[in-house]
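Each chain is listed here by its residues.
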Amino acid sequence: MSKNKIIVTGGAGYIGSHTIIELIENTEFEIISIDNFSNSSELTFERIEAITGRKIHNYNIDLCNKEEFYSILENEKSVVGIIHFAAFKSVPESVENPYKYYHNNTESLLNVVEGCLKFGINNLIFSSSCSVYGNINQLPVNETTTFNKAESPYAYTKQIGESILNDYAKTFPQLKTISLRYFNPVGAHISGLIGEFPINPPTSLVPIITQTAIGKIKKMTVHGEDYSTRDGSCIRDYIHVSDIASAHVIALNYLLKEKNSTTNSIFNLGSGEGVSVKEAIEVFERISGQKLNFSIGPRRNGDIEAIFSDTTKSTNELKWIIKFNLEEMMNSAWKWENYLNETKNS
Ligand code: UDP
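Calculation notes
Each chain has its residues counted from 1, running along the sequence as written. In keeping with the model being predicted, local features are shown solely for residues with a pLDDT of at least 70 and side-chain atom pairs are shown and tallied solely at 80 or more, while totals for entire chains, interfaces and linings include all residues. Only heavy atoms go into the side-chain values, all of them from the structure, while hydrogens and water stay out. Where helices and strands are cited, they refer to DSSP runs of H or I of at least four residues and of E of at least two residues respectively, numbered from the N terminus. C-alpha atoms define the radius of gyration in this analysis, and the globule rule sets the expected value at 2.2 Å times the number of residues to the power 0.38. Any two residues whose heavy atoms approach within 4.5 Å at even a single point are treated as in contact. Only the protein chains shown count as cover for residues, and all accessible areas are computed by the Shrake-Rupley method using a 1.4 Å probe. To estimate the expected span of a helix, subtract one from its residue number and multiply by 1.5 Å. Type-normalised accessible area, obtained with a 1.4 Å probe on protein chains alone, sets the label of each residue: buried when under 20%, exposed when over 50%, and partly exposed for intermediate values. What counts as an axis is a line fitted to C-alpha atoms, over the stretch in contact for a helix, and the angles between N-to-C directions run from 0 to 180 degrees. We call two directions roughly parallel when the angle between them is under 35 degrees, roughly antiparallel when it is over 145, roughly perpendicular when it lies between 65 and 115, and oblique otherwise. Note: crossing handedness is left-handed where the near helix turns anticlockwise from the far helix by less than a right angle, and right-handed where it turns clockwise. By this definition, two strands are paired if DSSP reports at least two bridges between them.

Remarks on the overall build of the protein chain
Alright, step 1. Along the protein chain, the regular secondary structure elements total 11 helices and 13 strands.
Alright, step 2. For the protein chain, the C-alpha radius of gyration of 19 Å lies close to 20 Å, the compact-globule estimate for 346 residues.
Alright, step 3. Over its C-alpha atoms, taken along the principal directions, the protein chain stretches across nearly 55 × 45 × 40 Å.
Alright, step 4. A fraction of 82% describes how many contacts in the protein chain between residues 6 or more apart in sequence connect residues 24 or more apart.
Alright, step 5. A total accessible area of about 14,800 Å² is found for the protein chain, and carbon and sulfur atoms account for 48% of it.

Right, here's the structure in full:
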C-alpha cells in the first residue's frame, strides 16, 4: 500500500529542508518536495540523504505556474497535506523590487490553495512571519495583537497571505489551515551538514555575521543604533531553525487530529526573548572566539524597531517545546559556515 504523502514546497530551502528532516524522523509520511532552486541548492537533497538515509523526490517547477503545479497534484496520489514554504523572504529586496514579492508570494499561495481545493487536500500549513505585526508598542506580541501597517512589501505579502487563508476558510471549511508566524529562524542542523544556503548575497543577520567571520564578507554593518531600544540597535526574537522545523510536525499532527478550533489557526513561533543586533554579535564573538569586523551604519529601509513573541499559545496549545538557546543557534550557524568553507560549497 502506498504511503500517505506530504508535499513540502520550498523543500530545498532553509526551513523547508530542516522540516523535511523532522518529518522523516518523526512521521511515516512520504515526503515530496517542490522547489525551483531560485534561492537554494540541489545539494540540499544529498545532504538530507546523508543525514536521514532517505532520498527525496523534488519537482523543479515554479509554483506560479498553475498548470505545472496541478499536473504534480494529478500525478501524486494520497497527498494529505501541504506545507507551503516557497516564497521570497528578504525585507530589503522587497523594498527594492516590490513586483517580485507581490507577484510570487501571493500568486504561488493562491495556486497552492486552489490546488488543495481541486484535489481534495484538506490540510495546509502556511509560512507567515512576525513582520505581519508591523511596529507595535506593546511587546511581546501575541496572536491576537492587531496588525499595524506592514513596513515592507514582504511583510504585506504575509498579511495578504493570512487574509487569503481566512477568506478561503470561511467559504471552504473543509480546508484546514495553520499560519505559523516565524520570528527570526537562525542556526543550522546539529549535524552541521545543512543550514541556511542563500544563493543570492544574504540579507539576514546571522548568515552575514558568519560570512563576515569566515572572510567572505569583508566588513558588516549594524543597521542603525539610534532606535529607542536598550542599546540603540533593533531587537528581534531569534529561534533555532530545528525548533521551527519541529513545530511544523506538531502543527501537521494538530491539523490531522482535527484539534484546531477555528479553521485557520495562528501560532507565533519565537523564543519569547528579545535580543538586540549588538547583543547577537557579542554572543557570536564569545562562542566562536572571532572578532567581527563591523561598523555602525544608517537604518535599513523597512525595518521594524523591536519585536519579540509571546509564546503562551504555541506552548500551551501545540505543546511545542524549544530545545536550543542563542548560544546553540550561533554555534550551529558557525559550524555550518565552516563546513561550507571546508567543502568549498560557498
Ligand atoms: N541587520 C544588521 N546588519 C546586517 C543584517 C541585518 O544590522 O547586515 C539587522 C537588521 O537591520 C535587523 C536585524 O539585524 O534589525 C535582523 O535582520 P534580519 O534581516 O535577519 O531579519 P528581519 O529584519 O527580517 O527580522
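Remarks on the side chain of threonine 145
Alright, step 1. With respect to the helices and strands, the residue threonine 145 is situated in the loop between β5 (123-129) and α6 (153-171).
Alright, step 2. Once you skip the residues sitting within four places of it in the chain, threonine 145 turns out to touch Tyr133 and Ile136.

Structural notes on the environment of isoleucine 190
Alright, step 1. Note that isoleucine 190 resides in the loop between β7 (184-186) and α7 (205-214).
Alright, step 2. Spatially, the C-alpha atom of isoleucine 190 lies 9.5 Å from that of methionine 329, the residues being 139 residues apart in sequence.

Quick look at helix α5 (residues 98-118)
Alright, step 1. Taking 1.5 Å of rise per residue, 21 residues should cover 30 Å, and α5 covers 30 Å from first to last C-alpha, within 8% of that figure.
Alright, step 2. Turning to α5, its buried residues number three or more, namely Tyr101, Asn104, Asn105, Thr106, Ser108, Leu109, Asn111, Val112, Val113, Gly115 and Cys116.
Alright, step 3. Of the surrounding elements, those touching the buried residues of α5 are α3 (66-75), β4 (79-84), α4 (91-96), β5 and α6.
Alright, step 4. Immediately downstream of α5, the backbone of glycine 120 shows phi near 65°, a positive value.

Describing the packing of α7 against helix α11 (residues 326-342)
Alright, step 1. Closest axis-to-axis distance for the α7/α11 pair is 10 Å, and the angle between their directions is 50°. The orientation of α7 relative to α11 falls into the category oblique. Where α7 crosses over α11, the handedness of that crossing is right-handed. Here α7 contributes Val206, Pro207, Ile209, Thr210, Gln211, Ala213 and Ile214 to the contact with α11, which in turn contributes Met330, Ala333, Trp334, Glu337, Asn338 and Asn341.

Overview of the sheet that holds strand β6 (residues 176-182)
Alright, step 1. Judged by pairing direction, the sheet is parallel, and its 7 strands sit side by side in the order β3-β2-β1-β4-β5-β6-β11 without closing on themselves. Every interior strand has two partners, whereas the edge strands, β3 (57-59) and β11 (264-269), have only one. Adjacent strand axes in the sheet meet at a mean angle of 20° when their direction is disregarded.
Alright, step 2. Packed onto the sheet, α5 meets β4 and β5 and runs at close to 170° relative to β4.

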